[in-house]
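# Coordinate inspection notes
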Amino acid sequence: MLDLVEGGSTKEEVIQLAKALEETGVTILNTGIGWHEARIPTIATSVPRAAFSGITAQIKEHISIPVITSNRINTPTIAEKVLADGKADMVSMARPFLADPFLVQKAMDSKERSINICIACNQACLDHVFEQKVASCLVNPFACHETEMPKAKATTPKTVIVVGAGMAGLACAVTAAECGHIVELWEQSHEIGGQFNMAKRIPGKGEFYETLKYYTHQLDAHGVTVKLSHPATTENLRKHSADHIILATGVHPRPIVLPGIDHPNVLNYVDVLRHNKPVGKRVALIGAGGIAFDVVEFLNHTPTESQVLPDVQEYFDNWGIDGSFTHRSGLKPAEPHKAMREITMMQRSKGKLGARLGKTTGWIHRSTAKSFGVTMLSEVTYKRIDERGHLHFTHKDAAQVLEVDTIILCAGQVPNRDLVSNLEDMPITLIGGADVASELDAKRAIRQGTTIALQL
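With that out of the way, let us pick up the pairing of strand β14 (residues 391-395). In terms of burial, β14 is largely enclosed, as 5 of its 5 residues are buried. Side chains Leu391, Phe393 and His395 project from β14 onto one buried face, and the interleaved His392 and Thr394 project onto a second face that is buried too. As paired elements, strand β13 (residues 380-385) and β14 share 5 bridges and run antiparallel to each other. Its bridge partner being in β14, Ile385 is matched across the sheet by Leu391. In this structure, β14 lies alongside strand β15 (residues 398-402), joined through 5 bridges in antiparallel fashion.

As a packed pair, helix α7 (residues 167-178) and helix α9 (residues 208-221) sit with axes 10 Å apart at the nearest point and diverge in direction by 30°. Both α7 and α9 take part in a crossing whose hand is left-handed. Touching Met167, Leu170, Ala171, Ala173 and Val174 of α7 are Thr211, Leu212, Tyr215, Gln218 and Leu219, all from α9. In terms of residue class, the contact of α7 with α9 is built from 8 nonpolar, 2 polar and no charged.

Roughly 740 Å³ of internal volume is contained in the second largest pocket. If you trace the second largest pocket, you find 32 residues lining it, with His36, Thr42, Ile43, Asn71 and Leu126 closest to the centre. Mapped by element, the contributors of at least two residues to the lining of the second largest pocket are α4 (95-99), α6 (126-130) and α14 (362-371).

Leave glycine aside and you will find that most residues have negative phi; peptide bonds, for their part, are mostly trans. Although it is not a glycine, Ser329 sits at a positive phi angle of roughly 70°. For Ser329, the location among the structural elements is in the loop between α13 (312-319) and β11 (342-346). Positive phi values are uncommon outside glycine, yet Glu379 reaches one of about 55°. You can see Glu379 is positioned in the loop between β12 (375-377) and β13. For Glu379, a relative accessible area of 28% translates into the label partly exposed.

The rules behind the values
- Residues numbered from 1 in each chain as written.
- Predicted model: local features only at pLDDT ≥ 70, side-chain atom pairs only at ≥ 80, totals over all residues.
- Heavy atoms only, no water.
- Buried < 20%, exposed > 50% of the residue type's maximum accessible area, 1.4 Å probe, protein only.
- Helix = DSSP H or I, 4+ residues; strand = E, 2+ residues; numbered from the N terminus.
- Pairing = 2+ DSSP bridges.
- Axes fitted to C-alpha atoms, helices over the stretch in contact; angles between N-to-C directions.
- Left-handed = near helix turned anticlockwise from the far one by under 90°.
- Contact = heavy atoms within 4.5 Å.
- Nonpolar A, V, L, I, M, F, W, Y, C, P; charged D, E, K, R; others polar.
- 1 Å grid on protein atoms, 1.4 Å probe; cavity = no way out; pocket = protein on both sides within 12 Å on 5 of 7 lines; lining within 4 Å.
- Points joined across faces, edges and corners; volume = space filled by probe spheres on them.

Rendered as structure tokens:
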């Protein structure tokens, strides 16, 4: 329906085609949005829910056969609203059934709170497909692996303490409880979620709140005893005669050894994304992985503590989508969000920055960073931070000084194993970032937490 590539179809041509198909005997039409070649995100997390149903409505009025709309319809409530508003006769959902194969039944039973919502991350579904791996789902690792990961009731229930309520700990606690184990989940902060509590605040990632809502419901539904603001210590773990202790204690930001690193202008990503430390107008980012690109988004919007889903018109304007379809192919001049800061992103290695980002979404983050005017430097060697907080470095062997107000460290993580050294004689298992932090991501954390729980 909407090509979103230069030289694509006009609205009139699409309507003409639809009418011709109806006359030929076609009984139903699906209105597809965009080609793979289109340099506009159409199904990623940053795309508003049901953003294109209004486009479908523009063809529905010209034909009498049923019309299907698609793209970013991830809850029964959203689907029902599209139908109630008369924008389509049916809705098409794909990834939401990987996230929760019982979505329809739960909707019929008025149990929408128990639905595991697709967050449109693409990390385990489309990214896997394009790498010729078996498709699955970040929030539901059972997807397409059901026979390999049978969920059976334990013949001998164990008492289990899970330390840390990040993604790995949550998945482990819920799965273990589903299998009949007696589970306590200890979390030192006042809320569950771990790193997701930073990720959910990134503009365009409001869907991440849904995963936390889901786990909140599941913990209660399966009788997990949740202890918030409850730091684990060697002493209080030894007082409990648990059959097994799962350490899902997460990560620490990777420390950097550099002269001047203790300057007050130097922050790490946790200071910014979790603790709202003030950041100046001129910023240097040390590191160019997923966290650095998230920080770019965060610094160019007004921070919020509540769930904010993308606005359709703002999304259309930002990416140059003509929602009225008066322009050929549905394209119009883009009006990117104005940059709020002057940012330089740097990495030590050669090659383009963000090369390890998601296969189907990395280009979106790189395009957004470019639209904000971010300067990207590779082959950087950091030398020192002077008394003014300015960064001295070499770029391809050329010495330079970057005069900035704030330096933010986004150079990765190291496992948080603070408890391990005093618990070697106890039945413990490390999962998530506490196990491996070098390629930390929620997909691996949730799958590992789930797998370990099944093996208890």
